[in-house]
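Fold and contact review
Listed here are the chains, written in short residue letters.
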Amino acid sequence: MEQMKTWKNPQTGRLVPIDEIREYVRLKFKYENDELVRIRNGRKEHNKHTKGYRVVTLCGCKVLLHHAVWLFHNEYLPEEVDHGDRNRDNNRIGNLRASTRSQNKRNKTKSVGKSSKYRGVSWATRRSKWVAEIRIDDNKRKYLGAHDSETAAALAYNAAAIIYHGEFAHLNKIEEGI
């Protein structure tokens, strides 16, 4: 996994060494009750980013809080930092993991407005069947078959997700009694 050595400040365009940001985080913040808290006043200073992530100000610019937490505990910043439970407010180090962009996308929730209530499942009108597909390496789609029931297609997706996505798999919750 590629480790970033510099971070590009989105406001100034300046490349800041990761070590400098990490040192700043360690000087200005402390870890208390499994949360990162600013030292100077002991209160939480988190703002919501437009995509629902919490942000803090470091070195004069806004940084995603989960990146700051990661740097507090680690020597590097990976390509992406993934929330294992998909909760953007849960920035505990035990919930964060290094990931690539591709791995992080695998952990997304199902898109809204699709024909099925399950991830990786859609209704094929021409066949009058439920079709299961999964995205694998470099966003390629792998066909998993046409199924008579939506649940069967969801189970096919779950089996493939375990194989292809491993620890980043987001499995469908199959409703009981179906």
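Heads up: the structure comes first, above all this text.
On a predicted model such as this, the values are computed, not experimentally measured, just so you know. The numbering scheme is per chain: residues are counted from 1 as the chain's sequence reads. Local features in a predicted model are, by the rule used here, given only for residues with pLDDT of at least 70; side-chain atom pairs are given and counted only at 80 or more, and totals for whole chains, interfaces and linings are based on all residues. For side-chain calculations, the full set of non-hydrogen atoms in the structure is used, while hydrogens and water are omitted.

Looking now at the packing of helix α1 (residues 18–28) against helix α2 (residues 65–73). Each axis is a line fitted through C-alpha atoms, and for a helix only the stretch in contact is used; angles between axes span 0 to 180 degrees, taken between their N-to-C directions. Only runs of H or I of at least four residues qualify as helices and only runs of E of at least two qualify as strands under DSSP, and these elements are numbered from the N terminus. At a closest axis distance of 9 Å, the pairing of α1 and α2 adopts a crossing angle of 90°. Relative to α2, the element α1 is oriented roughly perpendicular. Here I18, I21, R22, V25 and R26 of α1 lie close against α2, whose contacting residues are A68, L71, F72 and H73. Residue classes follow a fixed rule: Ala, Val, Leu, Ile, Met, Phe, Trp, Tyr, Cys and Pro count as nonpolar, while Asp, Glu, Lys and Arg count as charged, and any other residue, Gly among them, counts as polar. Here the contact of α1 with α2 is built from residues that sort into six nonpolar, one polar and two charged. Angle categories are assigned with fixed cut-offs, so that under 35 degrees is roughly parallel, over 145 is roughly antiparallel, 65 to 115 is roughly perpendicular, and the rest are oblique. Contacts are assigned to residue pairs that have any heavy atoms within 4.5 Å of one another.

Note on aromatic contacts: the rings of Phe and Tyr and the six-membered ring of Trp form a pair at centre separations within 6.5 Å, being stacked when their planes are under 30 degrees apart, edge-to-face when over 60 apart, and tilted otherwise. Applying the stated criterion across every chain yields a total of one aromatic pair. Pairing W123 with W130 gives two aromatic rings, centres 5.0 Å apart and planes at 65°, and the pair type is edge-to-face. For every residue, the accessible area obtained with a 1.4 Å probe (protein chains only) is divided by the maximum for its type, and the residue is called buried under 20%, exposed over 50%, and partly exposed between those limits. The class of W130 is buried, set by a relative accessible area of 15%.

Further remarks concern the sheet that holds strand β13 (residues 129–136). Strands are labelled as partners when DSSP assigns at least two bridges between them. The strand order across the open sheet built from three strands is β12-β13-β14, with neighbouring strands paired in antiparallel fashion. Of all the strands in the sheet, the pair left with one neighbour each is β12 (121–124) and β14 (140–147). The average undirected angle you get between the axes of adjacent strands in this sheet is 35°. Pairing of β12 with β13, which is carried by four bridges, proceeds in the antiparallel orientation. Bridge pairing in β13 links S122 to V131. Across the sheet, helix α4 (residues 150–165) is in contact with β12, β13 and β14; its angle to β13 comes to roughly 15°.

Remark: nonpolar core denotes a set of buried residues (Ala, Val, Leu, Ile, Met, Phe, Trp, Tyr, Cys) joined through side-chain atoms within 4.5 Å. Grouped together as the largest cluster of nonpolar side chains are 18 residues, with contacts concentrated most on I21, V25, V56, L58, W70 and L77. Mapped onto this core, the elements with two or more residues apiece are α1, β7 (54–58), α2 and β11 (96–99). In terms of residues, this core owes the most to one element, α2, which gives six residues. Within the second largest apolar cluster, seven residues are counted, among which are Y118, A132, A153 and A156.

Here the focus is α4. Taking 1.5 Å of rise per residue, 16 residues should cover 22 Å, and α4 covers 21 Å from first to last C-alpha, within 8% of that figure. Residues of α4 that are buried: E150, T151, A153, A154, A156, Y157, N158, A160, A161 and H165. Residues of α4 that are buried in the fold lie against α3 (101–106), β12, β13 and β14. Just past α4, the residue G166 takes up positive phi, approximately 55°. One less than the residue count of a helix, multiplied by 1.5 Å, gives the span that helix is expected to have.

Salt bridge, as used here, is a side-chain nitrogen of Lys or Arg placed within 4 Å of a carboxyl oxygen of Asp or Glu. Scanning the model with the defined rule gives six salt bridges in all. For D89, the salt bridge is made with R54, and the minimal N-O distance between the two is 3.2 Å. Of the two residues, D89 is situated in the loop between β10 (80–83) and β11 and R54 in strand β7; the sequence distance between them amounts to 35 residues. Relative accessible area serves as the criterion here: at 36%, D89 is assigned to the partly exposed category. On the basis of relative accessibility, which here comes to 23%, the residue R54 falls in the partly exposed class.

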